[in-house]
Amino acid sequence: MITIGMGLLYKIFKMIVWSILGLFALILVTGFFFLRLSPVFGGAPSELQKERYTQSGHFQDGKFINQITTTMDMSVRDYVGLTMEYLRGTPNSKPAVPLPVLPLDSTGIINKPDESTRLTWFGHSAILLELEGKNILIDPMLGESPSPHPWLGSKRYGELPIEVEQLPHLDAVIISHDHYDHLDYGSIQKLKDKVDKFYTPLGVGTHLEAWGVEKSKIHELNWWEEILHGQITFVCTPARHFSGRGLQDRNKTLWASWVIISAKDTIYFSGDSGYGPHFKEIGERYGPFAFAMMECGQYDTRWEAIHMLPEQTVQAALDVRADLIMPIHWGAFTLAMHSWTDPIERVTKQAQAMSVNIATPKIGEPIILNQTNFPNSSWWESTRSNE
């Protein structure tokens, strides 16, 4: 029989404790340097830029604010409930099988056979808009995980319709705000040399400049500011949301929705937003819209002020006076506790009840405006989880 003396037990215990403490210290040090040195967190505005922000009409005490009171505070009970839900897991939180994706050929973008307005959804809020002979990419989060590091976030459900490297020349990129699921460092690195102009809300251009985008390519706009790109007008319009990429930059940059006006079509992109009076104001100023891309996904009643519920998405579409809508902010990542199909099921049901035309394309499936037919199949039915 082998016995172990108390001295040896003490040494083993001491070694385990020091190993745990050493690992914990290594994690802390690594995290500290990652937060300080990683480029993914972007840049910081200069004092001159901050001075401009104070003239914006919605910048107070060093931070941007919403048009109406918007709080993200949760009670201790909410946090406990959220933690328990996370630990239990959500049934059908992601597709059980690969999503159907229609491949997009770059030659088809370059040599489009007609002058119709065409939109192609890449999943979540990333969209390619082909308008008046221009290629416009909106919120191009084309990476694998919407987080500072792939280990820290959910993974993309499936493939993109086209690899970033295969995209042709882009006339413009429009960005709604600086959250990771809308502004991705890796995607910008791959895109920046093939893009003519970047259009962002105030402050977001600071990140782009820190990532090597030429300053002359970047245009930052305040809410209600308009800018001409060739024959197309871009309007930076309000949203009800927040911003930030790190631990200490909450609301240091502006968030926005966008209006896109051409001679043929007027299009609306909601960005991320809670429901609010800005939708009706946008509709009164720039509506009606031939097409509206409306946020619908990653919601919860506990943060309803910054992310609409699906029923509110349909009401917002009515407010902006959209002829046809497409739900976005779903279909790529799991960022909330609802099932991955809950957004599209609820929004299509509500749209039908309120007589709102709704397009539900597969990823990569084009929508051509001003045609009587548009994608509206329930393709997600075949991807349900049996959990």
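Source: prediction; values computed, not measured.

K.L.:
Would you take a moment to explain the pairing of strand 6 (residues 170-174) for this structure?
P.N.:
Looking along a regular strand, one sees side chains alternate from face to face of the sheet. Most of strand 6 sits inside the fold, with five of its five residues counted as buried. Pairing geometry for strand 5 (residues 134-138) and strand 6, over three bridges, is parallel. Counterpart to I138 in the pairing with strand 6 is I174. Handedness of the crossover joining strand 6 and strand 7 (residues 195-201) through helix 5 (residues 185-191) is recorded here as right-handed.

K.L.:
Would you mind showing me how to read the packing of helix 8 (residues 310-320) against helix 9 (residues 342-353) here?
P.N.:
The relative placement of two packed helices is expressed as an angle between their axes plus a distance between the axes. Two elements in contact, helix 8 and helix 9, have axes whose closest approach is 8 Å; the angle formed by their N-to-C orientations is 45°. Between helix 8 and helix 9, the interaxial angle falls into the category oblique. Like other packed secondary-structure pairs, helix 8 and helix 9 cross with a definite hand, here right-handed. Between helix 8 and helix 9, the contacting residues are P310, E311, T313 and V314 on the first element and P343, R346, V347, Q350 and A351 on the second. Split by residue class, the contact of helix 8 with helix 9 holds five nonpolar, two polar and two charged.

K.L.:
Sorry, what's going on with the sheet that holds strand 3 (residues 118-121) here?
P.N.:
Hydrogen bonds between backbone groups are what pair the strands of a sheet, and the pairing can be parallel or antiparallel. Read across the sheet, seven strands follow the order 8-7-6-5-4-3-15 without closing on themselves; strand pairing throughout is mixed. Bordering the open sheet on either side are strand 8 (218-221) and strand 15 (366-368), each of which pairs with just one other strand. Put simply, the sheet's adjacent strands are angled 20° from each other on average, direction ignored. Bridge analysis of strand 7 against strand 8 gives four bridges, and the strand direction is parallel.

K.L.:
Honestly, the environment of G203 in this entry has me stumped. Any pointers?
P.N.:
Note on placement: G203 falls in the loop between strand 7 and helix 6 (204-210). Separated by 154 residues in sequence, G203 and Q49 place their C-alpha atoms 7.7 Å apart. Here G203 is in contact with Y53, E220 and T253, once residues within four sequence places are set aside.

K.L.:
For this particular structure, what's the right way to read the pattern of salt bridges?
P.N.:
When the charged atoms of two side chains lie near each other, side chains of opposite charge can form a pair. Under the counting rule described, the total for this entry stands at nine salt bridges. Measuring nitrogen to oxygen at the nearest pair gives 2.8 Å for the salt bridge that ties R118 to E130. Residue R118 is found in strand 3, and its partner E130 is found in strand 4 (residues 127-131); the two are separated by twelve residues along the sequence. For the residue pair R118 and E130, the accessibility class agrees, reading buried in each case. In this structure, the salt-bridge partner of R346 is D342, at a minimum N-O distance of 3.3 Å. Separated by four residues within a single helix, R346 and D342 lie in helix 9, roughly one turn from each other. Taking the relative accessible area as the measure of exposure, D342 reaches 18% and is therefore buried.

K.L.:
Any chance you could explain unusual backbone geometry here in plain terms?
P.N.:
Glycine aside, residues mostly have negative phi, and peptide bonds are mostly found in the trans state. At the junction of G287 and P288, the peptide bond is cis and its omega measures out at -5° in the coordinates. Turning to its location among the elements, P288 is positioned in the loop between helix 7 (278-286) and strand 13 (291-295). Located in the positive-phi region is N251, a residue other than glycine, with phi close to 60°. Take N251: it is sitting in the loop between strand 10 (232-237) and strand 11 (257-261). Note on N251: relative accessible area 14%, which makes it buried. Non-glycine residue Q298 carries a positive phi angle of around 65°. Topologically, Q298 is positioned in the loop between strand 13 and helix 8.

K.L.:
Just to check I follow, could you spell out the nonpolar core for this structure?
P.N.:
In terms of nonpolar packing, the biggest core is built from 65 residues, with I127, F234, W258, I260, Y268, F291 and M293 touching the most fellow members. Core analysis: the second largest hydrophobic core is formed by 24 residues, L137, L160, I162 and V173 among them.

K.L.:
For this particular structure, what's the right way to read the sheet that holds strand 14 (residues 325-328)?
P.N.:
Spatially, the six strands line up as an open sheet ordered 9-10-11-12-13-14, and their pairing is mixed. Only two strands of the sheet have a single partner each, and these edge strands are strand 9 (226-229) and strand 14. For this sheet the average axis-to-axis angle between neighbouring strands, irrespective of direction, equals 20°. Judged from the four bridges that link them, strand 13 and strand 14 form a sheet pairing that is parallel. Within strand 14, the residue paired with E295 across the bridge is I328. Sheet strands touched by helix 7: strand 9, strand 10, strand 11, strand 12 (266-269) and strand 13. Its angle to strand 11, the strand with the most contacts, is close to 15°.

Conventions and cut-offs
Residues numbered from 1 in each chain as written. Predicted model: local features only at pLDDT ≥ 70, side-chain atom pairs only at ≥ 80, totals over all residues. Heavy atoms only, no water. Buried < 20%, exposed > 50% of the residue type's maximum accessible area, 1.4 Å probe, protein only. Helix = DSSP H or I, 4+ residues; strand = E, 2+ residues; numbered from the N terminus. Pairing = 2+ DSSP bridges. Right-handed = clockwise from strand over helix to strand, strands pointing away. Axes fitted to C-alpha atoms, helices over the stretch in contact; angles between N-to-C directions. Parallel < 35°, antiparallel > 145°, perpendicular 65-115°, else oblique. Left-handed = near helix turned anticlockwise from the far one by under 90°. Contact = heavy atoms within 4.5 Å. Nonpolar A, V, L, I, M, F, W, Y, C, P; charged D, E, K, R; others polar. Salt bridge = Lys/Arg side-chain N within 4 Å of Asp/Glu carboxyl O. Core = buried A, V, L, I, M, F, W, Y, C linked by side-chain atoms within 4.5 Å.

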